[in-house]
Amino acid sequence: MGKRPTIQMVADLAGVSRGTVDRVLNNRSYVKEEVRVRVQEAVAELGYLSPHAFHSQEMAGRSCPPVKLGVLLPNWTDFFRPEVLRGIEGAREELSPFGVEIVVEECLTDDPEESIQRLDTLVTRGVQGISLCAVNDFSIEAKVISLVEQDIPVITFNSDLPNSKRISFVGQNYEKSGRIAAELISKCTPRTGRILAMCGNLEFDGHRKRLEGFGARMQELQFPNSQIEVMETYNDYYFTCRRVTEVLERTPNLAAIYMANQSVPGCAQALKAAGKEKEVRLVVHDLSHNTRALLQSGCVDFTISQDFYRQGYLPLKCLWELIHLGKQPEIDQTNTYISVICSQNMD
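Owing to the predicted nature of the structure, the values given are computational and were not obtained by experimental measurement. (Residues numbered from 1 in each chain as written. Predicted model: local features only at pLDDT ≥ 70, side-chain atom pairs only at ≥ 80, totals over all residues. Heavy atoms only, no water.)

**Q** Explain the nonpolar core to me, and be specific about the residues and the numbers.
**A** Among the nonpolar cores identified, the biggest contains 46 residues, and Ile-130, Leu-132 and Phe-157 are the most heavily contacted of them. Put simply, the parts of the chain that give this core at least two residues each are strand E1 (67–73), helix H5 (80–95), strand E2 (100–106), helix H6 (112–124), strand E3 (129–132), helix H7 (138–149), strand E4 (154–157) and helix H13 (308–325). If you tally residues by element for this core, the top one is H13, at 9 residues. Sequence-distant contacts of Ile-130, that is, excluding residues within four places in its chain, are made with Gly-70, Leu-119, Leu-122, Leu-147, Ile-152, Pro-153, Val-154, Ile-155 and Leu-319. (Core = buried A, V, L, I, M, F, W, Y, C linked by side-chain atoms within 4.5 Å. Buried < 20%, exposed > 50% of the residue type's maximum accessible area, 1.4 Å probe, protein only. Helix = DSSP H or I, 4+ residues; strand = E, 2+ residues; numbered from the N terminus. Contact = heavy atoms within 4.5 Å.)

Written out as structure tokens, the structure is:
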């Protein structure tokens, strides 16, 4: 009997790394189409089955009790929502043969009370585990503690609730991504230049950690805190545009802007209106359609990516494995793969 194909054999045949094969097999972003096709052809030629595929074959035919899982999404739009929903749909497609039903609730505001009400709705609908992204508020943390004590496990994604009893967090290493942003800005900003650092809401753990990482690295690079102004935008286009315009008017030597959040088009509009889109360096996060266009035009210099598909998909898979198989997930599942993208490598 021949040796069972391995992921390394697929990588060797396709001429890529094992990490690239993994991203293709898990339908993740940031893989060129020609590379994706090459990997898929290598998989087909070798007859490779991923560990999950073998697991699915072993589970086929077994009687699985129905499981209902809940997801609570924040009121974010832009690139976040469709990519996370795509990950949720990937989990639904993969887990539905095992009797898994997935229920999604979406917040309309950042009000913690709304998040708590929607969590109650999920409980009323009979969910046995919850995947959650919400502001880091003591009332939500208390609610998560209450849920876990009711034997409803909670996994946070994208933005953490570290002081709750959540069993796992799935997301980016946000402090590291903020430090990368600082490194980029430091290379193209004079030591005396003023810097604006913006986030959507400091109550979101991910936004706050990005700014903490950014500030720490800038200090290490001898940019004092007095040169950096921090501002919240609440992910609102018009609010962002107004606030950036105000800063530009009172800070003629503004050299760079770091956006640790969404609303990048609002910032770009303010820079364009002031005629400074080519003058002020702009470093942002994620690769939305708007950001692609702004990279192409030169208004955005760099963007730092994260895997939203994984954040939608992985918590649900981990919850099912915990509930059905008793498999405990890792406490911290931060993705250390962070891409820096400019106009020349965004495809």
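**Q** Give a detailed account of empty space enclosed by the protein, specifying residues and quantitative values.
**A** In total, this model carries 3 cavities of 30 Å³ or more according to the counting rule given. Roughly 170 Å³ of internal volume is contained in the largest cavity. Along its surface, the largest cavity is lined by 22 residues, and Arg-210, Gln-262, Asp-286, Gln-306 and Phe-308 are the ones closest to its centre. Among the elements that make up the lining of the largest cavity, the one with the highest residue count is helix H9 (residues 205–220) (3 residues). For the lining of the largest cavity, a count of residues per class yields 9 nonpolar, 10 polar and 3 charged. (1 Å grid on protein atoms, 1.4 Å probe; cavity = no way out; pocket = protein on both sides within 12 Å on 5 of 7 lines; lining within 4 Å. Points joined across faces, edges and corners; volume = space filled by probe spheres on them. Nonpolar A, V, L, I, M, F, W, Y, C, P; charged D, E, K, R; others polar.)

**Q** So what's going on with the packing of aromatic side chains? Which residues, and what values?
**A** On inspection of all chains with the given rule, the structure shows 9 aromatic pairs. Ring centres 4.9 Å apart and planes at 75 degrees place the aromatic pair Trp-76 and Phe-80 in the edge-to-face group. Judged by relative accessible area, which is 6%, Trp-76 ranks as buried. Residue classification places Phe-80 among the buried residues on the basis of a relative accessible area of 3%. Aromatic side chains Phe-214 and Tyr-258 sit 4.5 Å apart centroid to centroid with 20 degrees between the ring planes, which places their arrangement in the stacked category. Note that Phe-214 is positioned in helix H9 and Tyr-258 in strand E8 (residues 254–259), a separation of 44 residues in sequence. Relative accessible area serves as the criterion here: at 1%, Phe-214 is assigned to the buried category. Among the aromatic residues, ring-to-ring pairing joins Trp-76, Phe-80, Phe-204 and Phe-308 into one connected group. (Phe/Tyr/Trp six-rings, centres within 6.5 Å; stacked < 30°, edge-to-face > 60°.)

**Q** Can you tell me about the pairing of E1, naming the residues and giving the values?
**A** Within E1, 6 of the 7 residues are buried, leaving the element largely enclosed by the surrounding structure. Summarising the sheet, E1 and E2 pair through 7 bridges and their orientation is parallel. Looking at the pairing, Lys-68 lines up with Glu-101 of E2. Two strands pair when backbone bridges link them, and E1 and E3 are joined in this way by 4 bridges, in the parallel orientation. In the sheet register, Gly-70 faces E3, and the bridge partner there is Ile-130. (Pairing = 2+ DSSP bridges.)

**Q** Give a detailed account of the side chain of Lys-143, specifying residues and quantitative values.
**A** Looking at where Lys-143 falls in the secondary structure, it is placed in helix H7. Side-chain polar atoms of Lys-143 contact the side chain of Asp-120, separated by 2.4 Å. Not counting chain neighbours up to four residues away, the residues in contact with Lys-143 comprise Ile-116, Leu-119 and Asp-120. (Polar contact = N/O pair within 3.5 Å; in protein donor to acceptor, adjacent residues only side chain to side chain.)

**Q** Outline the state of the cysteines, listing residues and values.
**A** Enumeration over the complete set of coordinates arrives at 0 disulfides. The thiol of Cys-133 is unpaired, and the distance to the nearest cysteine sulfur, on Cys-107, comes to 9.2 Å. The exposure class assigned to Cys-133 is buried, which follows from its relative accessible area of 1%. Just so you know, Cys-199 is unpaired, no disulfide at all, and the nearest cysteine sulfur is the one on Cys-267, 13 Å from it. (Disulfide = S-S within 2.5 Å.)

**Q** Explain the pattern of salt bridges to me, using residue names and the numbers behind them.
**A** Summed over all chains, the structure comprises 20 salt bridges. Between Glu-220 and Arg-179 there is a salt bridge; the shortest N-O distance is 2.8 Å. On the criterion of sequence distance, the pair formed by Glu-220 in helix H9 and Arg-179 in helix H8 (residues 174–187) is long-range, its members being 41 residues apart. What makes Arg-179 partly exposed here is its relative accessible area of 26%. Linking Asp-301 and Arg-281 is a salt bridge whose minimum nitrogen-to-oxygen distance equals 3.0 Å. In this pair, Asp-301 is assigned in the loop between helix H12 (289–297) and strand E10 (302–304) and Arg-281 in strand E9 (residues 281–285), connecting sequence segments 20 residues apart. Accessibility expressed as a relative area gives 17% for Asp-301, which makes it buried. Salt bridges sharing partners connect three or more residues here, namely Arg-179, Glu-183, Lys-187, Arg-217 and Glu-220. (Salt bridge = Lys/Arg side-chain N within 4 Å of Asp/Glu carboxyl O.)

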